[in-house]
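Tertiary structure, described
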Amino acid sequence: ACYRGGLPQDVITLIDAVSPEHVDEICGLWQECHLVNEATTGALTHEQLNTIDDLLLRTVDLCSRVEPEATARLLARAAELNRPAVRTAVELAYPAPAYRQFGIGLLTLATQRSAS
């Protein structure tokens, strides 16, 4: 809803760099996220929040190993988007608590990394 352009070239670069082994790793990470979401009966517990944070870090680490320069530029772009309207759009786009937390967490992580 808040993004109307085509895919950024860095997304295409990152996708092109993904190997079959990376696909398996990505699928495993999303399966873990899905399992957390399936176990959620409302708000995420502290343990579930920690699990999502860990999955987020592992996902960013994987992307950084696959294509570090594109990942860095995408994180910088996400940091620029970390504002209330975009956070609200993420909350609306992802009503499932685990996925919503992953999206909000990504914006937060990107902002933290751009500040350092």
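Preceding this paragraph is the structure being described.
The present account deals with the structure reproduced in this document. Just so we're clear, the structure is a prediction, and the values are computed from it rather than from any experiment.

What follows covers the pattern of salt bridges. One pass over the structure, following the stated rule, counts five salt bridges. The partner of R65 in a salt bridge is E25, and the shortest N-O contact between them spans 2.8 Å. Of the two residues, R65 is situated in helix α3 (residues 46-66) and E25 in helix α2 (residues 20-39); the sequence distance between them amounts to 40 residues. When its relative accessible area of 32% is taken as the criterion, E25 is described as partly exposed. Linking R58 and E32 is a salt bridge whose minimum nitrogen-to-oxygen distance equals 2.8 Å. With R58 in helix α3 and E32 in helix α2, this residue pair connects regions lying 26 residues apart in the sequence. Judged by relative accessible area, which is 31%, E32 ranks as partly exposed. When salt bridges with common partners are traced through the structure, they connect E25, D61 and R65 into a single cluster.

This brings us to the packing of aromatic side chains. One pass over the structure, following the stated rule, counts two aromatic pairs. On the basis of an interplanar angle of 50° and a centroid distance of 4.9 Å, the ring pair of W30 and F102 is categorised as tilted. Note that W30 is positioned in helix α2 and F102 in helix α6 (residues 97-115), a separation of 72 residues in sequence. Of the residues examined, F102 reaches a relative accessible area of 8% and is grouped as buried. An aromatic cluster is defined as three or more aromatic residues linked by ring pairs; in this entry it consists of W30, Y99 and F102.

Another aspect to go through is the layout of surface pockets. In this approach the atoms are scanned with a rolling probe the size of a water molecule, which exposes any empty space left behind. In this structure, the largest pocket spans a volume of roughly 1300 Å³. Broken down by secondary-structure element, the contributors of at least two residues to the lining of the largest pocket are α1 (9-17), α2, α3, α4 (68-81), α5 (84-93) and α6. Residues of the lining of the largest pocket, tallied by class, amount to 30 nonpolar, three polar and one charged.

Cut-offs and rules
- Residues numbered from 1 in each chain as written.
- Predicted model: local features only at pLDDT ≥ 70, side-chain atom pairs only at ≥ 80, totals over all residues.
- Heavy atoms only, no water.
- Salt bridge = Lys/Arg side-chain N within 4 Å of Asp/Glu carboxyl O.
- Helix = DSSP H or I, 4+ residues; strand = E, 2+ residues; numbered from the N terminus.
- Buried < 20%, exposed > 50% of the residue type's maximum accessible area, 1.4 Å probe, protein only.
- Phe/Tyr/Trp six-rings, centres within 6.5 Å; stacked < 30°, edge-to-face > 60°.
- 1 Å grid on protein atoms, 1.4 Å probe; cavity = no way out; pocket = protein on both sides within 12 Å on 5 of 7 lines; lining within 4 Å.
- Points joined across faces, edges and corners; volume = space filled by probe spheres on them.
- Nonpolar A, V, L, I, M, F, W, Y, C, P; charged D, E, K, R; others polar.

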